Amino acid sequence: MDTIIEKISNVLSQAFTLCGYDAKYAKVTLSNRPDLCEYQCNGAMAAAKVYKKAPLTIADEVVNQLKEDILFEQIESIKPGFINICVSPAYLTEFLNTMSVSKQFGYVPKVTNKTVIVDYGGANVAKPLHIGHLRSAVIGESIKRIQRYAGNTVIGDVHLGDWGLQMGLIIEELRDKNPNLSYFDESFLGEYPSEPPFTISELEQIYPVASKKSKEDETFMERAHKTTLELQGGNKAYAAIWKHIMNISKADLKKNYDELHVAFDLWKGESDSQPYIKDMLQQMIDNGLTYESQGAMVIDIQEESDKKELPPCIVQKSDGAALYATSDLATMVQRESDYHPDAYIYLADKRQELHFTQVFRVAKKAGIVKQNTDMTFLGFGTMNGKDGKPFKTRSGGVMRLEYLIKDIQDAVYDKVINNRDMSNEEALNIAKIVGLAALKYGDLSNQASKDYVFDIDRFISFEGNTGPYILYTIVRIKSILSKYQQEGNPILYNKVQAASSNIEKSLQLALARFLDMIDMAYMEKAPHKICQYIYEVSNIFNQFYHSTKILGEKDKEKKQGYIALICLTKDILLTCIDLLGFECPDKM
RNA sequence: GUGCAUGUAGCUCAGUGGACAGAGCGUUUGCCUCCGGAGCAAAAAGUCGUGGGUUCAACUCCCAUCAUGCACACCA
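Predicted model only: the values in this text are computed from it and were never measured.

Another point: the pairing of strand β7 (residues 290-293). The pairing of β7 with strand β8 (residues 296-299) spans 4 bridges and is antiparallel. The partner of Ser293 across the bridge, within β8, is Ala296. Here β7 folds back onto β8, and the loop between the two strands holds 2 residues, one of which, Gln294, carries a positive phi near 50°.

With that settled, consider the protein's contact with RNA strand B. In the neighbourhood of RNA strand B, 65 residues make up the surrounding shell, with Arg33, Arg420, Arg476, Tyr545 and Thr548 lying closest. The separation between a base nitrogen of RNA strand B and a polar side-chain atom of Gln40 is 2.6 Å. Gln532 has a polar side-chain atom sitting 2.6 Å from a sugar or linking oxygen of RNA strand B. Where the surface near RNA strand B is concerned, the elements lending two or more residues are α2 (43-51), β4 (82-87), β8, β13 (452-453), α16 (467-486) and α19 (527-547). At 9 residues, α19 tops the list of elements feeding residues into the surface near RNA strand B. Residue composition of the surface near RNA strand B, grouped by class: 24 nonpolar, 24 polar and 17 charged.

Turning to helix α9 (residues 236-259), a few remarks are in order. Here α9 is 24 residues long and its end C-alpha atoms lie 35 Å apart, about the 34 Å a rise of 1.5 Å per residue gives. Two to three positions downstream of the cap, the backbone nitrogen of Ala237 sits 2.9 Å from a side-chain oxygen, assigning the N-cap of α9 to Asn235. Positive phi shows up at His261, right after α9, with a value of about 55°.

Here we come to the nonpolar core. In a soluble, globular protein the nonpolar side chains are often hidden away together inside. Of all hydrophobic cores here, the largest spans 163 residues; its most connected members are Leu12, Leu404 and Phe514. Here this core takes 13 residues from helix α20 (residues 556-580), the largest share from any one element. Residues contacting Leu12, with those up to four places away along its chain left out, are Ala26, Val28, Cys41, Leu66, Phe72, Ile75 and Ile85. In terms of nonpolar packing, the next biggest core, distinct from the first, is built from 32 residues, Met297, Ala330, Ala366 and Val369 among them.

This part is about the state of the cysteines. A covalent bond between the sulfur atoms of two cysteines is what we call a disulfide. Under the definition given, this model contains 0 disulfides. The structure places no disulfide on Cys576, whose sulfur is separated from the nearest cysteine sulfur, that of Cys531, by 9.2 Å. A relative accessible area of 0% means that Cys576 is categorised as buried. A disulfide-free cysteine, Cys584 has its sulfur positioned 13 Å from the sulfur of Cys576, the nearest such atom. On the accessibility criterion, Cys584 (14% relative accessible area) is buried.

What counts as what
Residues numbered from 1 in each chain as written. Chains lettered and ligands numbered in written order. Predicted model: local features only at pLDDT ≥ 70, side-chain atom pairs only at ≥ 80, totals over all residues. Heavy atoms only, no water. Pairing = 2+ DSSP bridges. Helix = DSSP H or I, 4+ residues; strand = E, 2+ residues; numbered from the N terminus. Near = heavy atom within 4 Å. Polar contact = N/O pair within 3.5 Å; in protein donor to acceptor, adjacent residues only side chain to side chain. Nonpolar A, V, L, I, M, F, W, Y, C, P; charged D, E, K, R; others polar. Expected span 1.5 Å × (residues − 1). Core = buried A, V, L, I, M, F, W, Y, C linked by side-chain atoms within 4.5 Å. Buried < 20%, exposed > 50% of the residue type's maximum accessible area, 1.4 Å probe, protein only. Contact = heavy atoms within 4.5 Å. Disulfide = S-S within 2.5 Å.

Set out below in structure tokens:
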């Protein structure tokens, strides 16, 4: 169905056309002066110059066409040339009742039915998830859900960093630590052990040690490079170690992502793209795209419109090894053959923007993806501490994601147990749900591309623009509805009544806006728009709640109307938090 | 050096070329015989970094400038 703004725009377009003006001037927006009207159209002022008429005259003519339209309670022209609009309560009610019985509230996106790949940009195997991985997971999960809600087929790929230099580093460190392992015995010809030579916690310690060593010890670094190359070349011993690393690491990563309620359709990694590299490079060479520069094989990506010189994209290192860009491109080859996607969305730290610019351009230049494939890089900012610098633990290290989650859940638990009378087990369960909501909402309510300040006390607060406040509002509605049902009344969905107070109409207008909002969040890939919206809806609902006796209402039809209204409020809020990737408890 | 991003209330953040720039936190002050007070209402608080320009109209678009952050090929 059309959104309410589209419906009003359509009516205005007809009026503009009828008066002899281009329909493009009939654009309607939400009013920025709610004290004057609900919706507004500023087109008369824009049209004034073209038609050489006073803006107010144009506005008057248009308004005169629409005075009697049943859509409007009031439509008037004001001062310089604004057209101010209030919709009729009866129409609004009908709109909401249609929404309440329609699938997805009647949301029909303009652009849809595409296959979209969401790439979460590589947690590294053998390294614990840290807070740097939080944003990619949280934002990506929400983007994925929004895309699906809009009818797209979405394939989310965790896309592990499982093939780069860090593997060589780990293997070499393992050799130094334990040279007697059969993997390092070149004369060994038997089967390598099926049991891994390390546990997850040992594995997690190996990488930082190796990384540090590589910076101080040049020969160690050289060995790591060589080993990486040999692993990529198919060395059996290294492949056996690699497999152990993968198995252990994946299981641990999965556990952590489950905790975050983040799920992937694919657990592919850079290694999966390896078989595609050789042919891809050959084709690039055959097409004359590549040339040699300082021993490496590169492709130019400069375009005339560029303001600055962009470095060419390296597709093969001077030592013959593949690198980041190579495997990203080869991964596209694989995805094209497996899924024929129409769009790609990559999530990564915004500092990687240049890399993705290069890769995207090469992908189109080399014909790996179709020319009209929609390539999006969703770069996100850093999570900072209260001091405005990248978030660190007290000791100055990088914080592990699982500790961060635990901290926030513990903090919520303390609040719940102090404020509510409930069992320990129940409080723990609620703390889990509410804690995750606090964390995700705290992140998603900011524009993804900006840095933001992580403040645990603010995020878990039940006041203000926070996850817990939203959940509190929903729980409150749930509580009223269950009380209503306990009195033996069924909830009827499409019984919203014409508003009998300003605040009730405000709530109705806010709910009607859902369709416009969700399309905007989808088109702009902007979860924070959903946060902003549900915060507004929650505020308005709470005002309504405080000024209106719902269950105490004597008039049965009116009461039914209130119930239908708050039920729709609840359903919309629940839909929104689901799109953000968290849930709501029954009480808290 | 070049390019990109950011700069809005004390703090954290919204803001679609339109009317008087909005929230929350914090501060001050009201409201519990109330369906969840973990709430609601009210007040104070702004040269929208600075200076130009385009426009009937600029926080929004353009140019310059200052500040901060980031990136600038063989890491990912």
